[in-house]
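Structural overview for review
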Amino acid sequence: MPVPDTGAEPPTVAEPAPGSAAEAGEARFEHTIARDQRIEPRDWMPDGYRATLVRQIAQHAHSEIIGMQPEGEWITRAPSLRRKAILFAKVQDEAGHGLYLYSAAETLGADRADLTERLINGRQKYSSIFNYPTLSYADVGVIGWFVDGAAICNQVPLCRSSYGPYARAMVRICKEESFHQRQGYELLLTMMRGSVGQRAQVQEAVDRWWWPSLMMFGPPDGDSPNSARSMAWRIKRHSNDELRQRFVDMTVPQAERLGATLPDPELAWNEQRDSWDFGTPDWTELQRVISGDGPCNQARVERRRRAHEDGAWVREAAAAHAARQHQRATAPMSQASQSEQKPEQKPERKPEQKSQLKGVTA
């Protein structure tokens, strides 16, 4: 409805005075970050900080859920009941990690169903490493050694992330990822003590997974548009290249102990840096995989879409049950339930009825 023109001067809107609520919130936020303390869900935070967290946590959660697929394909084909149980437990852990992280995203106002739709529609990403196929059982061990090892390098610093719910979720996730890494390495040690064919299978898997594992940390620092801001807000603590170097320094001695050869002719110890020099990954391949043109991109997302659709009836039933339980807990008691809870009262007899009963008794 249009406002009538009365000829009066329009009211002026006062500029936020110094010390306003927004400015006070921003000051508290900056003070908390500077003191290396944690931001909690009810604290004031910049829109960019919230958006960055939602993007990062959602991508992390999607990666945990999609990451169930490569190894899950080997549960029924694992060579023993023990190996099946180990793999089944690991895949189950990854599902739990995804749920922790979706819950952390919800504390920022994100909707879990919306995040899943964004993943299925290609509007949100997950880790590029899960777009490669698992061609042999040795891949299960190499994923544990390389992929979970890279996850440990990347995620342990996130236990000190500036956002409280994310940091607390990462504590348990990192403990379980460390266990997964040891399981994968133990499997490879067992295979390397086996037949010539088993040892060859391990080396072939190492050759295929080494470079994609280095790409897990993201593009070089100069080509990573989000890293600088995330580090300034202390969402993440180290740059992509720093984390990649840590992973290489950790993995080279493990490869020597295992008896496997890392497929990098430029790998050499640098005494001045006290670290290993290594070759440059194919960043063109990384960009291609991130853009959806990896070996398994379409298959991974399609399988996630089918699982989401097939599970719709479970979510609907759970929501209906929760609504019914809430209704029962909050609705006023009906007349019938009230009468059931009152002590039963016998009808009072009239005096003539009492006298008649006395005569009958006598």
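Throughout, a residue's number is its position along its own chain's written sequence, starting from 1. At least 70 in pLDDT is required for a residue's local features to be given in this predicted model, at least 80 for side-chain atom pairs to be given and counted, and no such filter applies to totals for whole chains, interfaces and linings, which use all residues. Just so you know, side-chain values use all the structure's heavy atoms and leave hydrogens and water out.

1. Re the overall build of the chain
Numbered from the N terminus, helices here are DSSP runs of H or I no shorter than four residues, and strands are runs of E no shorter than two. Within the chain, the secondary structure is distributed over 15 helices and two strands. Burial classes: relative accessible area under 20% of the type maximum marks a residue as buried, over 50% as exposed, and values in between as partly exposed (1.4 Å probe, protein chains only). Going through the 362 residues of the chain one by one, you find that 42% of them count as buried. Only the protein chains shown count as cover for residues, with accessible areas throughout obtained via the Shrake-Rupley method and a probe of 1.4 Å. Of the roughly 21,200 Å² of accessible surface on the chain, a fraction of 54% belongs to carbon and sulfur atoms.

2. Thoughts on the side chain of S136
Residue position: S136 is located in the loop between α5 (112-120) and α6 (138-155). Accessibility expressed as a relative area gives 9% for S136, which makes it buried.

3. Observations regarding the packing of aromatic side chains
To describe a pair of aromatic rings, you give the distance between the ring centres and the angle between the ring planes. The rule is short: rings of Phe, Tyr and Trp, with Trp giving its six-membered ring, pair when the centres are within 6.5 Å, and they are stacked under 30 degrees, edge-to-face over 60, tilted in between. By the definition in use, this model includes twelve aromatic pairs. Arranged with centres 5.7 Å apart and planes meeting at 50 degrees, the rings of F217 and F247 form a pair that is tilted. Placement of F217 in the loop between α8 (196-215) and α9 (227-232) and of F247 in helix α10 (residues 240-258) is noted, with a sequence separation of 30 residues between them. As far as the burial class goes, F217 and F247 line up, both buried.

4. Quick look at the environment of R50
Examined against the element boundaries, R50 turns out to sit in helix α2 (residues 47-66). R50 sits 55 residues away from A105 along the chain, and the two C-alpha atoms are 9.6 Å apart. Every residue pair with non-hydrogen atoms within 4.5 Å of one another is taken to be in contact. Those residues in contact with R50 that sit more than four places away from it in its chain are M45 and L108.

5. Brief notes about the packing of α8 against α10
If you want to describe how two helices pack, look at the angle between their axes and the distance between the axes. Structural elements are reduced to axes, namely lines fitted to C-alpha atoms, with helices fitted over the stretch in contact, and the angle between N-to-C directions of any two is expressed from 0 to 180 degrees. Contact geometry for α8 and α10: axes closest at 9 Å, N-to-C directions at 145 degrees. Residues W210, S213, L214 and M215 of α8 pack against R244, F247, V248 and T251 of α10.

6. Concerning the state of the cysteines
For the purposes of this analysis, a disulfide is any pair of cysteine sulfur atoms at a distance within 2.5 Å. Taken as a whole, this structure holds zero disulfides when the rule is applied. With no disulfide partner, C174 has as its closest neighbouring cysteine sulfur the one in C159, 3.8 Å distant. Classification of C174 as buried rests on a relative accessible area of 10%.

7. Digging into the pattern of salt bridges
Here, a salt bridge means any side-chain nitrogen of Lys or Arg that lies within 4 Å of a carboxyl oxygen of Asp or Glu. Tallied over the entire structure, the rule returns 18 salt bridges. For R305, the salt bridge is made with E302, and the minimal N-O distance between the two is 2.3 Å. Of the two residues, R305 and E302 are both situated in helix α12 (residues 297-310); the distance of three residues between them amounts to about one turn of the helix. The exposure class of R305 is partly exposed, given its relative accessible area of 24%. Several salt bridges converge on common partners, so that one network encompasses E302, R305, R306 and E309.

8. Structural notes on the confidence of the model for the chain
The predicted model of the chain has a mean per-residue pLDDT of 88, with 86% of residues at 70 or higher. Confidence over residues 1-17 falls short of pLDDT 50; this stretch has one contact with residues more than four positions distant or in other chains. A residue's pLDDT is simply how confident the predictor is in it, with values from 0 to 100.

9. Remarks on the packing of α2 against α5
The geometry of α2 relative to α5 is characterised by a closest axis approach of 11 Å and an angle of 70 degrees between their N-to-C directions. As summarised for this structure, α2 and α5 are arranged roughly perpendicular, according to the angle between their axes. Note on element contacts: α5 touches α2 through L115, T116 and L119, opposite V54, A58, H62 and I66. Charged residues are taken to be Asp, Glu, Lys and Arg, nonpolar residues to be Ala, Val, Leu, Ile, Met, Phe, Trp, Tyr, Cys and Pro, and polar residues to be all remaining types, Gly included. Partitioning the contact of α2 with α5 into residue classes produces five nonpolar, two polar and no charged. Oblique is the label for any angle not under 35 degrees, not over 145, and not in the 65 to 115 range, which are roughly parallel, roughly antiparallel and roughly perpendicular in turn.

10. Focus: the environment of D139
One can find D139 in helix α6. Residues D139 and Q201 lie 62 residues apart in sequence; the distance between their C-alpha atoms is 8.6 Å. In this structure D139 touches P133, T134, A205, R208 and W209, once residues within four positions along its chain are discounted.

11. Re helix α11 (residues 283-293)
For an α-helix, the turn length of 3.6 residues means that residues three or four places apart are oriented alike. All of the buried residues along α11 are E285, L286 and V289. For α11, the arc enclosing every buried residue in end-on projection is 105 degrees, short of the 170-degree limit, so these residues lie on one face. Opposite the buried face of α11, by more than 90 degrees, sit the exposed residues T284, S291 and D293. Two N or O atoms form a polar contact when they lie within 3.5 Å of each other; inside protein one atom must be a possible hydrogen donor and the other a possible acceptor, and for residues adjacent in sequence the pair counts only when both atoms belong to side chains. Among the residues of α11, the N-terminal cap falls to D282, whose side-chain oxygen and the backbone nitrogen of T284 are separated by 3.1 Å. Directions drawn from the helix axis to the C-beta atoms are what define this arc.

12. Brief notes about unusual backbone geometry
For D36, which is not a glycine, the phi torsion comes out positive at approximately 60 degrees. Mapped onto the elements of the fold, D36 is located in the loop between α1 (21-34) and α2. D36 sits in the partly exposed class, given a relative accessible area of 40%.

13. Structural notes on the nonpolar core
Among the nonpolar cores identified, the biggest contains 44 residues, and W145, F146, V206, W209, F247 and L258 are the most heavily contacted of them. Broken down by element, the residue count for this core peaks at nine residues, all from α6. Not counting residues up to four positions away in its chain, the partners in contact with W145 are Q181, G184, Y185, L188, V206, T251, Q254, A255 and L258. The criterion is simple. A nonpolar core is a set of buried Ala, Val, Leu, Ile, Met, Phe, Trp, Tyr and Cys residues joined through side-chain atoms within 4.5 Å. Within the second largest apolar cluster, 27 residues are counted, among which are Y49, A105, C159 and I173.

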